[in-house]
Amino acid sequence: MRGLPAVHRLLSEPAVAGFEPALGHDALKTIAQGALERARAALAAGQPFDLERALLAELEAAAAARLQPVVNATGILVHTNLGRAPLARAALDAAAQIGAGYSNLEYDLERGQRGSRYERVSARLAQLFGADDALVVNNCAAAMLLLLDTFARGRECIVARSELVEIGGGFRIPDVLERSGARLVEVGTTNKARLADVERALSPQTSLLLRTHRSNFSLAGFVEDLDSRDLAALARRSGVLLVEDLGSGALLDMTAFGLPRERTVAEALAEGVAVVAISGDKLFGGPQCGMLVGSALALGRMRENPLLRALRVDKTTLAMLDATARLHEGEHTRLQIPLYAMLASSTAELRRRGEAIVARVGQGRLVASRAAVGGGALPGATLESVAIAIDRSDADLFARRLRNARPPTIARIEDGRVLFDLRSVLPDEDGALADAIAASD
Ligand SMILES: *Cc1c(COP(=O)(O)O)cnc(C)c1O
C-alpha cells in the first residue's frame, strides 16, 4: 500500500492534470481520492487494482458528462439531442447585455410603473409573421398546453387520425389533450380525413379544431388531408376555433434552399387558422421557446390564463428571441442566423472547407452527402451536402473515440465508413474537427 501515490502526486501527473480545465480542481481531487480509496480497499483484500487506468476512465466519464460544446458532423442541422439551433452572435450578445444587469423587462420607462413582459417582442413577432398578435411561452409543448387549457378544458377537440402524432421526447398529442382536460374526438382514418368527417363530429361540446404538423413522418400513397381554408370556414360557421401546431414553422419559402415547399406560418394564418403554435429553436433558429401567433381575441384569452405564469420565459430568452426576430427582418441579416448560413452554404464552399480539413489530417476523401434540416421540419427531405469519408475497419471504435475527443465530435457511420457531413459543422469549428479526427486516429 505504501506503493500508492499521495493525492497531490496523483494530481500533478500530466494525464490527470489535463482534466483540470474541464472538471475544476475540487472535483478532480474528489475523484482522485475516491480512486485511491478503492485502490486501498482492493489491495487490502489482496485484489489487483490498476489505479491509473481506473482513475483516467473515471475522469473521462466525468468530463464527458458535463454540458459542453460538441462538433455536429451528423448532417442534421436542427438536432434535438445536440441542442437544436445554434444561436446568432447578436442573440448571444443581447442575452449577455440584458442578463448581466437590470432591464426594463416588466417596467414602463415612459410612465415609471410596471409594464408588460411580452409587449415588445409580441409586436415584433406579430409583424414578422403577419399576425394580429403573438405570445411567447417556454416551448411549443407549453404553447399547446396553454392553448388547449384555455379553449378545450372540459370540451371537445377534433383531430384527424392522420395528425395524431408523437413528437420526439414523448410529446403525444392525445396525451397532451387528456392532460389539459380536453376530450379528443378522432376523425377520418390513418391516411384520409375529409371535411365531412369533421362536420359529422361537430357537437355543441366542440370548442377546437386542431391541426398538427406531421413533423417526424410522412404519408405516401393514397392520402387525403384536410384543407385549412375549408376548416376555417367551418369553424367560423360553427363558432369554434381552428388552431394548428406547426412545430418547426417555416417563415419563408424553403425552396430557396433546395428544399421542398413547406406551408409557412403566414400562409397558415392567411388560410384562416386562428392560432398557430411554433418552436423558437427549430426553423426559427432562436432560443428555446414556444410562439403563439394569430388572432388578438384568442391570444387575449390565453394571456388571462393563470397557467401563463407557470410557462413564462426569462429575460435572456426574450432578449435572444427579439434579436433573432430582428435578423429575420432582412434577407441578408437572416444569414447571420447560423441555421440559415448553414442552409445557404453552397456545396462548392463545403467542398473547399472539406479539402482543407482533409489536407490537414492527411486522410479521408470528399463524397457527396445528403443533409437534413431535422427538428421536425420537412420530414424526409434532404439537401445536397459534402462529407469527409474515412474508411475504417474499426468504424464503431473510431466513432467512439471521436465522441470522447476534445471537443467531442459526432459523426455518422454509413456502410462501414465514418462520414463527417460539413453542412452541420459551423465554419469556425473546422480546425477543431480536424484536431478531433487526428486525435482519435
Ligand atoms: C417539435 C414539435 C413540438 C414540440 O416543440 P418544443 O418546442 O420542443 O416543445 C410540438 N409539435 C410539433 C408538431 C413539433 O414538431
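Residues numbered from 1 in each chain as written. Predicted model: local features only at pLDDT ≥ 70, side-chain atom pairs only at ≥ 80, totals over all residues. Heavy atoms only, no water.

Participant: Mind showing me how you'd approach the overall build of the chain here?
Facilitator: A tally of helices and strands in the chain yields 19 helices and 18 strands. Based on the C-alpha atoms only, the size of the chain along its principal axes is roughly 85 × 50 × 50 Å. Per-residue burial for the chain yields a buried fraction of 48% across its 441 residues. Nonlocal contacts in the chain, meaning residues at least 24 apart in sequence, comprise 72% of its contacts between residues at least 6 apart. By element, 50% of the accessible surface of the chain is carried by carbon and sulfur atoms, the whole surface being about 21200 Å². (Helix = DSSP H or I, 4+ residues; strand = E, 2+ residues; numbered from the N terminus. Buried < 20%, exposed > 50% of the residue type's maximum accessible area, 1.4 Å probe, protein only. Contact = heavy atoms within 4.5 Å. Areas by Shrake-Rupley, 256 points an atom, 1.4 Å probe, with all protein chains shown as cover.)

Participant: What am I meant to see in the site of the ligand here?
Facilitator: Near the ligand you find Arg84, Asn139, Cys140, Ala141, Ile167, Phe171, His213, Ser215, Asp245, Gly247, Ser279 and Lys282, and these make up its full shell. A distance of 2.8 Å separates an oxygen atom of the ligand from a polar atom in the side chain of Arg84. A distance of 2.5 Å is found between an oxygen atom of the ligand and a side-chain nitrogen or oxygen belonging to Ser279. Coverage of the ligand by the protein chains reaches 94% of its 390 Å² of free accessible surface. Every element with two or more residues in the shell around the ligand is listed here: α8 (140–151) and β11 (241–247). Residues that form the shell around the ligand fall into these classes: 4 nonpolar, 5 polar and 3 charged. (Near = heavy atom within 4 Å. Polar contact = N/O pair within 3.5 Å; in protein donor to acceptor, adjacent residues only side chain to side chain. Nonpolar A, V, L, I, M, F, W, Y, C, P; charged D, E, K, R; others polar.)

Participant: Would you mind going over the domain arrangement of the chain with me for this structure?
Facilitator: Splitting the chain by domain gives domain 1 (7–65), domain 2 (71–84 + 338–440) and domain 3 (89–332). The centre of domain 1, based on its C-alpha atoms, is set 33 Å off from the matching centre of domain 2. (Domains from an automatic or database assignment.)

Participant: Got a minute to help me understand the sheet that holds strand β6 (residues 156–160) in this structure?
Facilitator: Strands pair in a sheet through their backbones, by hydrogen bonds, and they do so in one of two ways: parallel or antiparallel. Strands sit in the order β5-β13-β12-β11-β10-β6-β9 across an open sheet of 7 strands; the sheet is mixed. Every other strand in the sheet has two partners, leaving β5 (133–137) and β9 (183–187) as the edge strands with one partner each. Strand-to-strand, the axes of this sheet are offset by a mean angle of 25 degrees, without reference to chain direction. The pairing of strand β10 (residues 206–212) with β11 spans 5 bridges and is classified as parallel. Looking at the pairing, Arg211 lines up with Glu244 of β11. Taken strand by strand, α8 contacts β5, β6, β10, β11, β12 (275–279) and β13 (290–294), and its axis lies near 155 degrees from that of β12. (Pairing = 2+ DSSP bridges. Axes fitted to C-alpha atoms, helices over the stretch in contact; angles between N-to-C directions.)

Participant: Looking at this structure, how should I read the pairing of strand β15 (residues 377–391)?
Facilitator: Looking down a regular strand, the side chains alternate between one sheet face and the other. Inspection of the sheet shows strand β14 (residues 365–374) paired to β15 by 9 bridges, in the antiparallel sense. Residue pairing across strands places Arg370 opposite Glu384, the latter belonging to β15. Here β14 folds back onto β15, and the loop between the two strands holds 2 residues, one of which, Gly375, carries a positive phi near 60 degrees. In terms of strand pairing, β15 meets strand β18 (residues 417–421) through 5 bridges, oriented antiparallel. Bridging from a neighbouring strand, Ala387 pairs with Asp421 of β18.

Participant: What is the right way to look at the side chain of Asp421 in this model?
Facilitator: Examined against the element boundaries, Asp421 turns out to sit in strand β18. Within the structure, Asp421 has its side chain in polar contact with the backbone nitrogen of Arg423 (distance 3.0 Å).

Participant: Please explain the packing of aromatic side chains as it appears in this structure.
Facilitator: Any aromatic ring pair is given by two values, namely how distant the centres are and how the planes are angled relative to each other. If you walk through the whole model with that rule in mind, you get 3 aromatic pairs. Directly above the ring of Tyr340 sits Arg334, whose terminal nitrogen or CZ lies 5.8 Å from the centroid. The residue whose ring lies beneath Arg392 is Phe398, and the NZ or CZ to ring-centre distance is 4.0 Å. (Phe/Tyr/Trp six-rings, centres within 6.5 Å; stacked < 30°, edge-to-face > 60°. Lys NZ or Arg CZ within 6 Å of the ring centre and 35° of its normal.)

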